[in-house]
2 protein chains.
Amino acid sequence: MMQAGIETTTDFERSLLADIPLTRAMQLSLRTYRDDELVLAAPLAPNVNDKGCAFGGSLGSLLTLAGWGLIVLQLSALGRDCDVYVQDSSVRYLAPVWTDFVARARLAEGETWAAFADTLAGRGRARLRVACAVTLADGSDACSLNARFVAIEKK
Amino acid sequence: MMQAGIETTTDFERSLLADIPLTRAMQLSLRTYRDDELVLAAPLAPNVNDKGCAFGGSLGSLLTLAGWGLIVLQLSALGRDCDVYVQDSSVRYLAPVWTDFVARARLAEGETWAAFADTLAGRGRARLRVACAVTLADGSDACSLNARFVAIEKK
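Described in the following lines is the structure provided in the data block. Every value quoted in this text rests on a predicted model; they were computed, and no experiment measured them.

1. Notes on the interface of chain B and chain A
Logical step 1: If you look at the interface, chain B gives 33 residues, while chain A gives 33 residues.
Logical step 2: For the pair chain B and chain A, the summed buried area comes to about 2700 Å², and 65% of that belongs to carbon and sulfur atoms.
Logical step 3: It is Leu22, Asp50 and Lys51 of chain B in chain B that bury the most area against chain A; as a group they hold 25% of the surface buried on that side.
Logical step 4: Our count for the contact surface shared by chain B and chain A stands at zero salt bridges.
Logical step 5: Among the secondary structure elements, those contributing two or more residues to the side of chain B that touches chain A are helix H2 (21-25), helix H3 (56-78) and strand S3 (82-93) of chain B.
Logical step 6: If one sorts the elements of the side of chain B that touches chain A by residue count, S3 of chain B sits on top with 11 residues.
Logical step 7: Of the residues in the side of chain B that touches chain A, the class split is 18 nonpolar, nine polar and six charged.

Printed below as a string of C-alpha cells:
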C-alpha cells in the first residue's frame, strides 16, 4: 500500500507516519533524499534509554526504515508496485549517541539499481543489500546496519 | 540506573516503562521470568507496519530488550551494579507476524552465568551472547536475534 501515489518525499514521510505508529512515537522525519541516499532524522528525547543516550531499538528501527525507504522511493520512481520486506540485518553499536540523530542509507558495496530492476522485471521479485549508519558529529559511525531486503511485485 | 532497587520482575517492568519512552509506545509488558528465560510481550496494534503485520523495528526492539533484560535481571540477582549495553546483533526476519507477539531470551549456546560472573568480578566488565526469538503459534521462529552485550560495573 505504501508505494501507490508517492509523488514526493513529503508523500513518503506522510505515509510512513500514517501507516507505522511507532514512527510517530519516534517523531521520525525525512531529512533529505538525493543522489541515491536517504536520510531520516529523530530527536533524542522520545528515543532515549535508561542511560540517557539513544535507545538501541530506536537506532535499529531508524536505520532499518532508512534502508527500506531507500528501496521504496526508488521503486516508486521506477513505477513498480511492490511490497518491500526486510529479510535480515546485522547491527553494530559502536558509540553512545547523546544528541538528536540521523540515519543515512545507501546501496551496499557491489549492488546496483540496474541489476535490481532487471531481476524484478524478470522474476517479479528481487533482493538488495543496503548499508546504513548513524554518524557522530566528528564523522565516525555510532551505529551501522547492513541489511537485505526483498521487493515483491503485487499481483 | 536500571538495576538499583530491582526486587521483582514488576519493578523491572516498571523501570523499563519509566526509563525508555519507546517501550510505552510499544505497550511492552513482562510475561514471565523463570528458568533463565525472560519473555516480553507486545500487542500488534501499536507495532503494526504498512502491510498490517508487525513492524520489523518493533520486533527487533522487543528482542533486544528481552536479551538486555535477561542480563539486567541476572545481575540484579547477583547484587552487581552495572550498566548493560548491546554491542552487536544479527536479526533474521523469517515470517510475518499477524498477531500480538512475545519475545523469549535465553543464553546463547556455550555461554554460562558462572563464567560471566567470574569475568565481571575479575575485570569489572564482561561480555555475553544471548539468543532471542519471536515464535509463531506452530512453534516455528518468525524472527530471531543473536546479540552480544557488555556489562560494565559502575564506579
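So that's the structure; there's more coming.
2. With respect to helix H1 (residues 9-19) of chain A
Residue and element names in this part refer to chain A.
Logical step 1: Taken as a whole, H1 has its buried residues at Asp11, Phe12, Ser15 and Leu16. One side of H1 holds all its buried residues, which, seen down the axis, span an arc of 135°. Exposed residues lying more than 90 degrees from the buried face of H1 are Arg14 and Ala18.
Logical step 2: Against the buried residues of H1 lie helix H2 (21-25), strand S1 (29-34), strand S2 (37-42) and helix H3 (56-78).

3. Observations regarding the environment of Thr23 of chain A
Residue and element names in this part refer to chain A.
Logical step 1: Following the sequence through the fold, Thr23 ends up in helix H2.
Logical step 2: For the pair formed by Thr23 and Leu65, sequence separation is 42 residues and the distance between their alpha carbons is 9.1 Å.
Logical step 3: Among residues more than four places away in sequence, those in contact with Thr23 are Leu16, Leu17, Leu28 and Leu65.

Rules and cut-offs
Residue positions are given per chain, counting from 1 as you read along its sequence in written order. Naming scheme: in the order in which they are written, chains are lettered from A and ligands are numbered from 1. For this predicted model, a pLDDT threshold of at least 70 governs which residues receive local features, and a threshold of 80 or more governs which side-chain atom pairs are given and counted, while totals over whole chains, interfaces and linings are taken from all residues. Remark: hydrogens and water are excluded; side-chain values derive from all non-hydrogen atoms of the structure. By definition in these notes, contact holds between two residues if any of their heavy atoms fall within 4.5 Å. Reported buried area values correspond to the accessible surface (1.4 Å probe) lost by two parts on association, with both partners' losses combined. Here, a salt bridge means any side-chain nitrogen of Lys or Arg that lies within 4 Å of a carboxyl oxygen of Asp or Glu. Counting from the N terminus, the helices are the DSSP runs of H or I reaching at least four residues and the strands are the DSSP runs of E reaching at least two. Think of it as three bins: nonpolar holds Ala, Val, Leu, Ile, Met, Phe, Trp, Tyr, Cys and Pro, charged holds Asp, Glu, Lys and Arg, and polar takes everything else, Gly as well. Think of it in three bands: with a 1.4 Å probe and only protein chains considered, a residue is buried below 20% of the maximum accessible area for its type, exposed above 50%, and partly exposed in between. The directions considered for the arc are those from the helix axis to the C-beta atoms.

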